[in-house]
Structures are given as C-alpha cells and as structure tokens.
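The chain contents come next:
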Amino acid sequence: MLRHTRLTGESADYLDAREELRLAEIELMRHREEVAARRRSLPQGPPVDDYVFVEGPADLDAGDTPVREVTLGGLFTATDRPLIVYHLMYGKSQTTPCPMCTLWIDGFNGIAQHVARNADFAIAAAADLPALRQHARNRGWHRLRLLSCGDSTFKYDLGSEDKDGEQDSTISVFTRDSDGTIRHFYSTHPRMAEDIDQRGIDLLAPVWHLLDLTPQGRGDWYPSLDY
C-alpha cells in the first residue's frame, strides 16, 4: 500500500478504501493515455478550405481598428506546428457570451504562453469583432488571438454552428502539409452522448477536477459571467 499521508487517525477501512481508489485512479490514467494515443494515431484528416477570419490589433487596449483579414493557413507559424482553434459560443443566435466558454478561455489566457511553445492557438467566434474584443477586454484576455468568423462557413462546417445560427462550444485541431494543404485533425464538443451533456471537453479546464476532489463533487454547478 502506498500512503500519501502520515495522519495517525486514519482507520483501516479508510486506508483500504483509499488504496482501492488509488488503483482505480491509476487505471483511469492509463486509459486516458491509451485514448490520447488513439487520437494521435488517427488517419490523415480531410483537406479543408482556407477560411477567412477578421481580427483587430494584437493589443486589446489599442482599440478595434485597423481590421485585417487572415486566412486559416495564415494562423500557422510553421509547417510542423499544429493549430488549435477554440470556437466561442458568441454571435448570431448566441447574443451574449457563453459563461462556460468564458470559463475555458479565462484558463486558456493564463496558459497561452506555454501552449505557444508547442502549437498555434486562436479563439474564433461568430460575434462581430468589436463585441468579441470588448468581451475579451472585460475578461482580460490579452494573450489570445481573437478572430471573428461570422461571415464564413467555418463554424458551420466544423459543427459549432447550425443552419439557424445556434452556437456550440467546440475545439478543433488542424495541420498543414508541406505543400500548404490544410487538414482537419480532430474536433470535439461538450455533448458527446445523450448522457454526456457538459463534460465532453472538461479536461480542458481544472475547475471540475478540483470540485471532483471534494465530498460534494461538481454537482450541477455551472459558471457565471459575474461572481
């Protein structure tokens, strides 16, 4: 038995249960690593259009102009680097920013410099650029590349928007071949099955995992834009 504490009041029943839990956690970790290996081993993905986005100045505090167009291919800084795009639920039928997406992106902003060592990363939303950037200013998202794509089919094609403009949170990964061909590698959503409504991408944020460590667990907790 591997003990992580030296507390004298731990009963035999408690220690036995903790050991069973430790072994279950090891099994879960190994299964996650197996799933990640399967993801890395996916066959070559399909080519995608070189979608066009619009963005403002890199400095959020510099205002919202000048506006420039940037293509999906233009988001890659090197051929051998993957591109990760988070689809923010904001714009069209989603007239206010999604609190859950906002929680995720709050975290992304904090780790952006670490991600940048391994991959290119951007946030895309259907919202107009000024509205998107104002929300970003309100949240302090100064380390993220913010793109508006409301005039393209990017979100619809990747499954984060339906024909009525309803939005969904999604994360997508792309690669670029040496000849410039852009390929879709992977996408996933929070809703992965009838009984998995909000947990499909909760590995992207530590909040739920911290709550899962507590006796109460995560329950039906849902984030808010205002605390």
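Residues numbered from 1 in each chain as written. Predicted model: local features only at pLDDT ≥ 70, side-chain atom pairs only at ≥ 80, totals over all residues. Heavy atoms only, no water.

**A closer look at the overall build of the protein**
Helix and strand content of the protein: five helices and seven strands. Mapped from its N terminus to its C terminus, the protein presents α and β elements in the order α-β-β-β-α-β-α-β-α-β-β-α. In terms of overall dimensions, the protein has C-alpha extents of about 65 × 45 × 35 Å along its principal axes. The buried share of the protein, reckoned over its 227 residues, is 38%. If you take every contact in the protein between residues at least 6 apart in sequence, the share linking residues at least 24 apart comes to 60%. Accessible area for the protein stands at about 13500 Å²; split by element, carbon and sulfur atoms hold 52% of it. Separation of charge centres in the protein, based on 25 positive and 36 negative side chains, amounts to 6 Å. (Helix = DSSP H or I, 4+ residues; strand = E, 2+ residues; numbered from the N terminus. Buried < 20%, exposed > 50% of the residue type's maximum accessible area, 1.4 Å probe, protein only. Contact = heavy atoms within 4.5 Å. Areas by Shrake-Rupley, 256 points an atom, 1.4 Å probe, with all protein chains shown as cover. Lys, Arg positive; Asp, Glu negative; His and termini not counted. Charge placed at Lys NZ, Arg CZ, Asp CG, Glu CD.)

**Details of the side chain of arginine 81**
Among the secondary structure elements, arginine 81 is positioned in the loop between β2 (68–71) and β3 (83–88). Side-chain polar atoms of arginine 81 contact the backbone oxygen of alanine 116, separated by 2.8 Å. Of note is the side chain of arginine 81, whose polar atom sits 2.9 Å from the backbone oxygen of alanine 119. When neighbours within four sequence positions are excluded, arginine 81 is seen to be in contact with Phe76, Ala116, Arg117, Asn118, Ala119 and Asp120. (Polar contact = N/O pair within 3.5 Å; in protein donor to acceptor, adjacent residues only side chain to side chain.)

**As for the environment of glycine 159**
Structurally, glycine 159 can be placed in the loop between α4 (154–157) and β6 (170–176). Considering only alpha carbons, one finds glycine 159 and methionine 100, 59 residues apart in sequence, at a separation of 18 Å. Apart from the residues lying within four places of it in its own chain, the contact partners of glycine 159 are Asp168, Thr170 and His189.

**A look at unusual backbone geometry**
Omega for the bond connecting threonine 65 with proline 66 falls within 30 degrees of zero, at 0°, which places this linkage in the cis form. The phi torsion at lysine 92 lies on the positive side, around 55°, for a residue other than glycine. Mapping lysine 92 onto the fold places it in the loop between β3 and α2 (99–115). What makes lysine 92 partly exposed here is its relative accessible area of 41%.

**Structural notes on the pattern of salt bridges**
Summed over all chains, the structure comprises 15 salt bridges. The shortest N-O distance in the salt bridge between glutamate 55 and arginine 68 comes to 2.7 Å. With glutamate 55 in strand β1 (residues 52–55) and arginine 68 in strand β2, this pair connects stretches of sequence that are 13 residues apart. Residues arginine 81 and aspartate 120 are paired through a salt bridge, measuring 3.1 Å at the closest nitrogen-oxygen approach. Taken together, the residues span a long stretch of sequence, with arginine 81 in the loop between β2 and β3 and aspartate 120 in strand β4 (residues 120–125) at a distance of 39 residues. Take arginine 81: its relative accessible area is 16%, and that puts it in the buried class. Three or more residues joined by partner-sharing salt bridges are found here, namely Glu55, Arg68 and Arg145. (Salt bridge = Lys/Arg side-chain N within 4 Å of Asp/Glu carboxyl O.)

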